[in-house]
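Chains, contacts and geometry: an overview
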Amino acid sequence: MKIEGIVGWQRKNFYLYGLVEPATGDSFFWEFSHLDGTCFQDFLNLFSKAYPDVLNLVQMDNGSFHKSLDLKWPDNVIPIFQPPNSPELNPIERLWEHIKYELSWEHCTTLDQLRQKLKQVLDSISSEAIASICGWDYITSALLSATS
């Protein structure tokens, strides 16, 4: 007798959205349930409210959720899209690598355990460390010359 069935793996996950200021190491992170235009809009709104008196240039890749036609960019947030397939140009990519490395040997059996470990990693990274990880010379030089 042959038994056939459809297997539907259930995956539970969450997404960490983040922005960093490479010269100072200031950072802003927020967890969301999905990686989509709706959650990204919520993230932009939260970020805009957290830094209301600053004009923020936000560099990002060409993810479809970054370019959703429904996005309403806050007045103090200006998107800058990097060339396709060039993650090495985005400073936060080095921080994502660092975070993944820090979590690589962790064994979490629940999402809550993973959230807790991730929070510990984020809390342990100082602004100075973020600036060191994300502040490539050519970026910090450009930022400093733009403010001079």
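Everything below is about the structure shown above.
Everything quoted here is computed from the prediction, not taken from an experiment.

**As for helix α1 (residues 37–50)**
Over its 14 residues, α1 extends 20 Å from the first C-alpha to the last, a length consistent with the 20 Å expected when each residue adds 1.5 Å. Capping the start of α1, Asp-36 holds a side-chain oxygen 3.3 Å from the backbone nitrogen of Thr-38, two or three residues further along.

**What about unusual backbone geometry?**
Unusually for a residue other than glycine, Asn-85 sits at a positive phi of about 55 degrees. Here Asn-85 shows up in the loop between β4 (77–81) and α2 (91–103). Overall, the relative accessible area of 78% leaves Asn-85 in the exposed class.

**Digging into the nonpolar core**
One finds Val-20, Leu-95 and Ile-99 to be the most contacted residues of the largest nonpolar core, which totals 15 residues. Elements that contribute at least two residues to this core include exactly α2, α3 (111–124) and α4 (127–134). For this core, the leading source of residues is α2, giving five residues. Ranked by size, the runner-up nonpolar core spans 14 residues in total, among them Phe-40, Phe-43, Val-58 and Phe-65.

**Brief notes about the side chain of Asn-76**
With respect to the helices and strands, Asn-76 occurs in the loop between β3 (56–60) and β4. The buried category is assigned to Asn-76, whose relative accessible area is 10%. A polar atom in the side chain of Asn-76 sits 2.5 Å from the side chain of Ser-48. Dropping the residues within four chain positions of it, Asn-76 is found in contact with Ser-48, Tyr-51, Pro-52, Val-54, Leu-55 and Asn-56.

**Points about the packing of α2 against α4**
Two elements in contact, α2 and α4, have axes separated by 8 Å at closest approach and are oriented at 115 degrees. Here α4 runs roughly perpendicular to α2, going by the angle between their axes. Considering only the axes of α2 and α4, their crossing is right-handed. Across from Pro-91, Ile-92, Arg-94, Leu-95 and His-98 in α2, the residues of α4 making contact are Ile-130, Ile-133 and Cys-134. When grouped by side-chain class, the residues that make up the contact of α2 with α4 number six nonpolar, one polar and one charged.

**Some words on the packing of aromatic side chains**
Tallying each qualifying case throughout the model produces 14 aromatic pairs. Considering the side-chain rings of Phe-40 and Phe-65, the 5.7 Å spacing of their centres and the 80 degrees angle between planes classify their relative orientation as edge-to-face. With Phe-40 in helix α1 and Phe-65 in the loop between β3 and β4, the pair connects residues that are 25 residues apart, well separated along the chain. Considered together, Phe-40 and Phe-65 belong to a single accessibility category, that of buried residues. Judged by centre distance (5.9 Å) and plane angle (75 degrees), the rings of Phe-40 and Trp-73 are edge-to-face. Of this pair, Phe-40 sits in helix α1 while Trp-73 is found in the loop between β3 and β4, placing the two residues 33 residues apart along the sequence. Relative accessible area serves as the criterion here: at 25%, Trp-73 is assigned to the partly exposed category. Clustering of aromatic rings is evident, with ring pairs tying together Tyr-17, Phe-28, Trp-30, Phe-32, Phe-40, Phe-43, Phe-47, Tyr-51, Phe-65 and Trp-73. Residue placement shows Lys-67 over the ring face of Phe-81; its charged tip is 4.7 Å from the ring centre.

**Regarding a nonpolar patch on the surface**
Residues Leu-55, Leu-57, Ile-78 and Ile-80 make up a contiguous nonpolar surface patch of about 370 Å² in total accessible area. Inspection of the secondary structure puts Leu-57 in strand β3.

Definitions and limits used
Residues numbered from 1 in each chain as written. Predicted model: local features only at pLDDT ≥ 70, side-chain atom pairs only at ≥ 80, totals over all residues. Heavy atoms only, no water. Helix = DSSP H or I, 4+ residues; strand = E, 2+ residues; numbered from the N terminus. Expected span 1.5 Å × (residues − 1). Polar contact = N/O pair within 3.5 Å; in protein donor to acceptor, adjacent residues only side chain to side chain. Buried < 20%, exposed > 50% of the residue type's maximum accessible area, 1.4 Å probe, protein only. Core = buried A, V, L, I, M, F, W, Y, C linked by side-chain atoms within 4.5 Å. Contact = heavy atoms within 4.5 Å. Axes fitted to C-alpha atoms, helices over the stretch in contact; angles between N-to-C directions. Parallel < 35°, antiparallel > 145°, perpendicular 65-115°, else oblique. Left-handed = near helix turned anticlockwise from the far one by under 90°. Nonpolar A, V, L, I, M, F, W, Y, C, P; charged D, E, K, R; others polar. Phe/Tyr/Trp six-rings, centres within 6.5 Å; stacked < 30°, edge-to-face > 60°. Lys NZ or Arg CZ within 6 Å of the ring centre and 35° of its normal. Patch = residues over 30% accessible without salt bridge, like charges linked within 9 Å, V, L, I, M, F, W, Y side chains within 5 Å. Areas by Shrake-Rupley, 256 points an atom, 1.4 Å probe, with all protein chains shown as cover. Salt bridge = Lys/Arg side-chain N within 4 Å of Asp/Glu carboxyl O.

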